[in-house]
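# Remarks on the overall topology
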Amino acid sequence: MDDFNGRLTKDGIRIHDAPDFAGMHRAGRLAAEILDEIADMVVPGATTADIDAAIEAKVTAAGATSATIGYRGYQHASCISVNHVVCHGIPGTKTLKDGDILNIDVTVIVDGWFGDTSRMYVAGKLGRKAERLIQVTHDALFKGIEAVRPGATFGDIGHAIQTYVEAHRMSVVRDFCGHGLGQVFHAPPNVLHYGRPGTGPVLEEGMFFTIEPMVNIGRPETKVLSDDWTAVTRDKSLSAQFEHSVGVTATGVDIFTLSPSGRFYPTWINA
């Protein structure tokens, strides 16, 4: 239930109080722990349905709630997006092949707070092009996070991501964006992963939102399949995404969804 007691900016963005950060840390940590724990399931021959079932079981065992089951008719505890799927991939019975890359996105509700995060995984051996894509996408997320501080703008975040990605001759997806969250799943603002410095709403202490750039090796255009969920690259090029939930602090940024096991970036898979 949404019992928000803070204030709203003129742009409709919620400003949370200091105690709210603790709630977001609890929710974010659980989401990150679950993504740590299912990592060993991502192997050739596994199905995304089996991975999703394990995620749902872990959410239930923690006494939490999946934010995605029942959301606009969606029936899974995760979105699992393989290779050229940009986002909102539906778990199914198709088996993973050696070299497949996939984004797994989980959102949980803990004591009314939403923890939302995603990261990349590799089934088997990671190819060189895919490794470069994953590295650029990961680093682009943190370029955006580094731009978060009071007085900066959301355009600063998008510009930091866009310029980094395009310098590596890749493209930022325009059709999907990050979002505000807290005691609701989606709220203002839309957090674009491209933009001009100094534009958009000004960041204030107490804002909570996701940053979740989707990066394509090829062109940025996407299309949504007939299931009304799965978004793919129009040119069938590989796509990658990383997502953190963050809060603006008095001096900078607080990341709510850090991996407790240090498994956010998948270099450890082939170690």
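Structural notes, computed from the coordinates. (Residues numbered from 1 in each chain as written. Predicted model: local features only at pLDDT ≥ 70, side-chain atom pairs only at ≥ 80, totals over all residues. Heavy atoms only, no water.)

### Considering the overall build of the protein
Each helix and strand in the protein was counted, giving four helices and 17 strands. For 271 residues, the compact-globule formula gives about 18 Å, and the C-alpha radius of gyration of the protein, at 17 Å, lands near that figure. Its C-alpha atoms give the protein principal-axis dimensions of about 50 × 45 × 40 Å. Each of the 271 residues in the protein was classed as buried or not, and the buried ones make up 54%. Residue pairs in contact within the protein that sit at least 24 positions apart in sequence constitute 70% of those at least 6 positions apart. Mean positive and mean negative side-chain charge positions of the protein (24 and 32 charges, respectively) differ by 9 Å. (Helix = DSSP H or I, 4+ residues; strand = E, 2+ residues; numbered from the N terminus. Rg over C-alpha atoms; globule rule 2.2 N^0.38 Å. Buried < 20%, exposed > 50% of the residue type's maximum accessible area, 1.4 Å probe, protein only. Contact = heavy atoms within 4.5 Å. Lys, Arg positive; Asp, Glu negative; His and termini not counted. Charge placed at Lys NZ, Arg CZ, Asp CG, Glu CD.)

### Considerations on helix α4 (residues 154-167)
A rise of 1.5 Å per residue sets the reference length of α4, with its 14 residues, at 20 Å; its end C-alpha atoms lie 20 Å apart and thus fit the reference within 8%. Taken residue by residue, α4 has Phe154, Gly155, Asp156, Ile157, Gly158, Ala160, Ile161, Gln162, Tyr164 and Val165 as its buried positions. Looking one or two places after α4, you find Arg169, whose phi comes out positive at around 60°. (Expected span 1.5 Å × (residues − 1).)

### Structural notes on the side chain of Asp36
Summarising the element assignment, Asp36 is placed in helix α1 (residues 20-37). Within the local environment of Asp36, its side chain forms a polar contact with the backbone nitrogen of Ser261, the two atoms lying 3.1 Å apart. Contacts of Asp36, omitting those with residues within four sequence positions, involve Arg119, Ser259, Pro260, Ser261 and Arg263. (Polar contact = N/O pair within 3.5 Å; in protein donor to acceptor, adjacent residues only side chain to side chain.)

### Re the environment of Ala22
Tracing the backbone shows Ala22 in helix α1. Judged by its relative accessible area of 38%, Ala22 falls in the partly exposed class. Placed 65 residues apart in sequence, Ala22 and Cys87 show a C-alpha to C-alpha distance of 29 Å.

### Focus on the packing of aromatic side chains
Going through the model one piece at a time under the given rule, you end up with eleven aromatic pairs. Summarising the aromatic geometry, the rings of Phe21 and Phe256 are spaced 5.8 Å apart at their centres and angled 65° between planes, so their arrangement reads as edge-to-face. Of this pair, Phe21 sits in helix α1 while Phe256 sits in the segment after β17 (253-255), and the two are 235 residues apart along the sequence. The burial state of Phe21 is the same as that of Phe256; both residues are buried. A centroid spacing of 5.2 Å and a plane angle of 85° characterise the contact between Phe208 and Phe256, whose relative ring orientation is edge-to-face. Of the two residues, Phe208 sits in strand β11 (residues 208-211) while Phe256 sits in the segment after β17, which places them 48 residues apart along the sequence. Aromatic rings pair up to connect Phe21, Trp113, Phe208 and Phe256 into one cluster. (Phe/Tyr/Trp six-rings, centres within 6.5 Å; stacked < 30°, edge-to-face > 60°.)

### With respect to the sheet that holds strand β15 (residues 239-241)
In space, the three strands of this open sheet follow the order β8-β12-β15, with antiparallel pairing throughout. Each edge of the open sheet carries a strand with a single partner, namely β8 (171-172) and β15. Relative to β15, strand β12 (residues 214-216) runs antiparallel, the two being bridged by three bridges. Bridging from a neighbouring strand, Asn216 pairs with Ser239 of β15. Seen against the sheet, helix α3 (residues 128-146) touches β12 and β15 and runs at an angle of roughly 35° to β15. (Pairing = 2+ DSSP bridges. Axes fitted to C-alpha atoms, helices over the stretch in contact; angles between N-to-C directions.)

### A look at the packing of α3 against α4
Describing two packed helices takes the angle between their axes plus the distance from one axis to the other. Taken N-terminus to C-terminus, the directions of α3 and α4 make an angle of 150°; their axes are 8 Å apart at the nearest point. Here α3 lies roughly antiparallel to α4, going by the angle between them. In the packing of α3 onto α4, the handedness of the crossing is right-handed. Counting all contacts with α3, which are made through Val136, Asp139, Ala140, Lys143 and Gly144, the residues of α4 involved are Ile157, Ala160, Ile161, Tyr164 and Val165. Residues of the contact of α3 with α4, tallied by class, amount to seven nonpolar, one polar and two charged. (Parallel < 35°, antiparallel > 145°, perpendicular 65-115°, else oblique. Left-handed = near helix turned anticlockwise from the far one by under 90°. Nonpolar A, V, L, I, M, F, W, Y, C, P; charged D, E, K, R; others polar.)

### Some remarks on the pairing of strand β7 (residues 113-122)
Here β7 lies mainly inside the structure; ten of its ten residues are buried. Burial along β7 is two-sided: the face carrying Trp113, Gly115, Thr117, Arg119 and Tyr121 and the face carrying Phe114, Asp116, Ser118, Met120 and Val122 are both buried. Counting the residues that bridge the hairpin from strand β6 (residues 101-110) to β7 gives two residues, and of these Asp111 lies at a positive phi of roughly 50°.

### Quick notes on the pairing of β6
Of all ten residues making up β6, nine are buried, and the element is well covered by its neighbours. Where strand β3 (residues 65-66) lies against β6, two bridges are found, and the strand directions are antiparallel. Looking across to β6, one finds that Ser66 is bridged to Val108. As defined by bridge partners, strand β4 (residues 79-82) adjoins β6 across four bridges and the pair is classed as antiparallel.

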